[in-house]
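Coordinate analysis (summary)
Next come the chains, spelled out residue by residue.
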Amino acid sequence: MSKTLSRRRLLTRIGILGCSAAASPLMTPISFAATRSDARVVVIILRGAMDGLDVVRPYGDREFAAVRPGGRDGIELDGFYALHPDLGPLHPLWQSGELAFAHAVSTPYRDRRSHFDGQDLLEAGTADMSRDGWLNRALAHLPGAVAETAYAIGREDMRVLQGATPFASWAPDADLTVSQATLDLVQLVSREDPLFTAAVRDAIRLSKIETVAAQVAQNEELDMGMAEPPRGPANAHLGVAQFAAQKLRADARIAAFSLGGWDTHAVQDRSIRRPLNALSDTILTLRDGLGPDWSKTAVVAMTEFGRTVRQNGTAGTDHGTAGAMVLAGGALRGGQVSADWPGLAEVDLYDRVDLKPTRDVRAIAGWVLRDLLGLSASVIERDVFPGVELGANPGLIL
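Residues numbered from 1 in each chain as written. Predicted model: local features only at pLDDT ≥ 70, side-chain atom pairs only at ≥ 80, totals over all residues. Heavy atoms only, no water.

The helix and strand tally for the chain stands at 14 helices and 12 strands. Looking at the chain residue by residue over its 398 residues, the buried ones come to 58%. For the chain, the share of sequence-separated contacts (at least 6 apart) that also reach a separation of at least 24 residues comes to 76%. Entry remark: accessible area of the chain is about 15300 Å², with carbon and sulfur atoms responsible for 49%. (Helix = DSSP H or I, 4+ residues; strand = E, 2+ residues; numbered from the N terminus. Buried < 20%, exposed > 50% of the residue type's maximum accessible area, 1.4 Å probe, protein only. Contact = heavy atoms within 4.5 Å. Areas by Shrake-Rupley, 256 points an atom, 1.4 Å probe, with all protein chains shown as cover.)

See below:
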């Protein structure tokens, strides 16, 4: 695999990456891998902790109206759950069996509530977060896995695909504007490192570091309830989805990228709309771009953790535990919410604050890998997600 430079390490070295970057909508990498399989898997990391209770609303739980006033408004799904109105464009996929959800799910991450740690565990797929990514370990068991040309500069690394198995990465449709002082500093730091020098040269074309710095500041203000939700480059997610579909129509069979903006600490009814619209647009763009190959595709959108059941004093929600996964694609047996619902009464909550996890996110992803890509359950439990128990098949793949 070609040597790539982590966006997080690059930005840290030039001193502009803040702690809020884990939830930033500008951190939108995209990575690919090709195999001999004809099935396609798209993994979307929803950075910032998507509120599953808002996205897939369990209005049939008699406690829901009390813990989420006004949350009953939604698009009817199955008599118990309703879909957030801003995902309305996806409802036809639900009706055609190409959209599904898994609810009350989480990784083993508990209580510390750090975006970076939560995302690291989600992408590593194991509590040993020093390991490579789970999707890379899955690739090692797929016959004929080969790499495309590699580019990861200008976007945060997709750790879920990092590892020994060859893959390709690139950050499309971006540019970089930096001050001369910053360029001088980068040249000084990279003088004796040819790979770093080349990476920075490409990064100047592929990323807007000044915009990221402004975004970080906006996120920090948002966390304190001082600003409107951050706004990334207009329609950047559409370019990512179009690029992904183009590659998947050709040799690539696995794509991984991220969508940010889910850290809804304040005025959630407004701040969650933008990422929901981006997610909806992204899925529909993938469907349109893949054409007939959509029938062989599963999109798995997952987040580092959920959010608190009750809203906070700024009409937002804080970092929680269990949440929801969004799945789409023509390879799905959709029109279902897969869940062992724990209930929303205070006694049923995790630590009396959060939705209680009843299924492991990794098990849901594992069954997708087994049923769509043909990996064995033993390989998934031993190598892809070490220590996970897949449990019963949720039946999400045709």
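Further notes follow.
Now for the sheet that holds strand 5 (residues 82–83). The strand order across the open sheet formed by three strands is 3-5-4, and the pairing between neighbours is antiparallel. Edge positions in the open sheet fall to strand 3 (56–57) and strand 4 (75–76), since each of these has one partner strand only. Of the strand pairs in this sheet, strand 3 and strand 5 are connected by two bridges, and their pairing is antiparallel. Its bridge partner being in strand 5, Arg 57 is matched across the sheet by Ala 82. (Pairing = 2+ DSSP bridges.)

Each pair of aromatic rings is reported with the distance of its centres and the angle of its planes. Applying the stated criterion across every chain yields a total of six aromatic pairs. Residues Tyr 109 and Phe 305 carry aromatic rings whose centres are separated by 6.1 Å and whose planes lie at 15° to one another, so their mutual orientation is stacked. Here the residue Tyr 109 occupies a position in the loop between strand 6 (99–106) and helix 5 (115–124), and Phe 305 occupies one in the loop between strand 9 (297–303) and strand 10 (323–328), the gap between them amounting to 196 residues. There is no split in this pair, since Tyr 109 and Phe 305 are both buried. (Phe/Tyr/Trp six-rings, centres within 6.5 Å; stacked < 30°, edge-to-face > 60°.)

Here we come to the side chain of Arg 362. Along the chain, Arg 362 turns up in helix 13 (residues 361–373). In this view, Arg 362 contacts Pro 108, Gly 125, Thr 126, Phe 385, Pro 386 and Val 388; residues no more than four positions away in its chain are not counted.

Our next topic: the confidence of the model for the chain. Of the residues in the chain, 73% reach a pLDDT of 70 or more, and the chain-wide mean stands at 81. Below a pLDDT of 50 lies the segment residues 148–154, which in the model reaches 34 contacts outside its immediate sequence neighbourhood of four places, other chains included. Counting contacts from residues 202–232, a segment whose pLDDT is below 50, to residues more than four positions away or on other chains yields 82 contacts. (pLDDT = per-residue confidence, 0-100.)

So, on to the environment of Asp 293. Inspection of the secondary structure puts Asp 293 in the loop between helix 12 (273–290) and strand 9. A sequence separation of 37 residues divides Asp 293 from Gly 330, and the C-alpha atoms of the two residues are 8.4 Å apart. If sequence neighbours within four positions are ignored, Asp 293 has contacts with Arg 40 and Arg 249. A distance of 3.0 Å separates the side chain of Asp 293 from the side chain of Arg 249, its partner in a polar contact. (Polar contact = N/O pair within 3.5 Å; in protein donor to acceptor, adjacent residues only side chain to side chain.)

Another point: unusual backbone geometry. Not every positive phi belongs to a glycine, and Ala 104 is a case in point at roughly 60°. Residue position: Ala 104 is located in strand 6. Of note in the backbone geometry, Asp 351 takes a positive phi value of approximately 55° without being a glycine. Along the chain, Asp 351 falls in the loop between strand 11 (336–338) and strand 12 (359–360).

The subject of this paragraph is the pattern of salt bridges. Under the defined criterion, the tally for this structure stands at 19 salt bridges. As a salt-bridge pair, Arg 273 and Asp 86 come within 3.0 Å of each other at their nearest N and O atoms. Within this pair, whereas Arg 273 is found in helix 12, its partner Asp 86 is found in the loop between strand 5 and helix 4 (91–95), the two being separated by 187 residues in sequence. Given the relative accessible area of 11%, Asp 86 is considered buried. Asp 263 is the partner of Arg 307 in a salt bridge, and the nearest nitrogen-oxygen pair spans 3.1 Å. Placement of Arg 307 in the loop between strand 9 and strand 10 and of Asp 263 in the loop between strand 8 (252–259) and helix 11 (268–271) is noted, with a sequence separation of 44 residues between them. Three or more residues joined by partner-sharing salt bridges are found here, namely Asp 38, Arg 40, Arg 249, Arg 253, Asp 293 and Lys 296. (Salt bridge = Lys/Arg side-chain N within 4 Å of Asp/Glu carboxyl O.)

For the pair helix 10 (residues 236–249) and helix 12, interaxial distance at closest approach is 8 Å and the crossing angle is 30°. Considering their axes alone, helix 10 and helix 12 lie roughly parallel with respect to each other. Crossing angle aside, the handedness with which helix 10 passes helix 12 is right-handed. Facing helix 10, whose interface residues are His 237, Leu 238, Ala 241, Gln 242, Ala 244, Ala 245, Leu 248 and Arg 249, helix 12 presents Ala 278, Asp 281, Thr 282, Thr 285, Leu 286, Gly 289 and Leu 290. (Axes fitted to C-alpha atoms, helices over the stretch in contact; angles between N-to-C directions. Parallel < 35°, antiparallel > 145°, perpendicular 65-115°, else oblique. Left-handed = near helix turned anticlockwise from the far one by under 90°.)

When the terminal C-alpha atoms of helix 10 are compared, their 20 Å separation across 14 residues agrees well with the 20 Å that a helix rising 1.5 Å per residue should span. Restricting attention to buried positions, one finds in helix 10 the residues His 237, Gly 239, Val 240, Ala 241, Phe 243, Ala 244, Ala 245 and Leu 248. (Expected span 1.5 Å × (residues − 1).)

This next bit is on the packing of helix 13 against helix 14 (residues 377–384). For the pair helix 13 and helix 14, the least separation of the axes is 9 Å and the interaxial angle reads 135°. With respect to each other, helix 13 and helix 14 are oriented oblique. Between helix 13 and helix 14 the crossing geometry is right-handed. Across the interface between the two elements, Gly 366, Leu 369 and Arg 370 of helix 13 pack against Ala 377, Ile 380 and Val 384 of helix 14. Along the lines of polarity and charge, the residues of the contact of helix 13 with helix 14 split into four nonpolar, one polar and one charged. (Nonpolar A, V, L, I, M, F, W, Y, C, P; charged D, E, K, R; others polar.)

On to the side chain of Arg 68. Its location among the elements puts Arg 68 in the loop between helix 3 (64–67) and strand 4. Assessed through its relative accessible area of 4%, Arg 68 is described here as buried. Polar side-chain contacts of Arg 68 include one of 2.6 Å to the backbone oxygen of Val 309. Discounting residues that sit within four places of it in the chain, Arg 68 has contacts with Asp 51, Leu 53, Asp 54, Gln 268, Thr 308, Val 309, Gln 311 and Thr 317.

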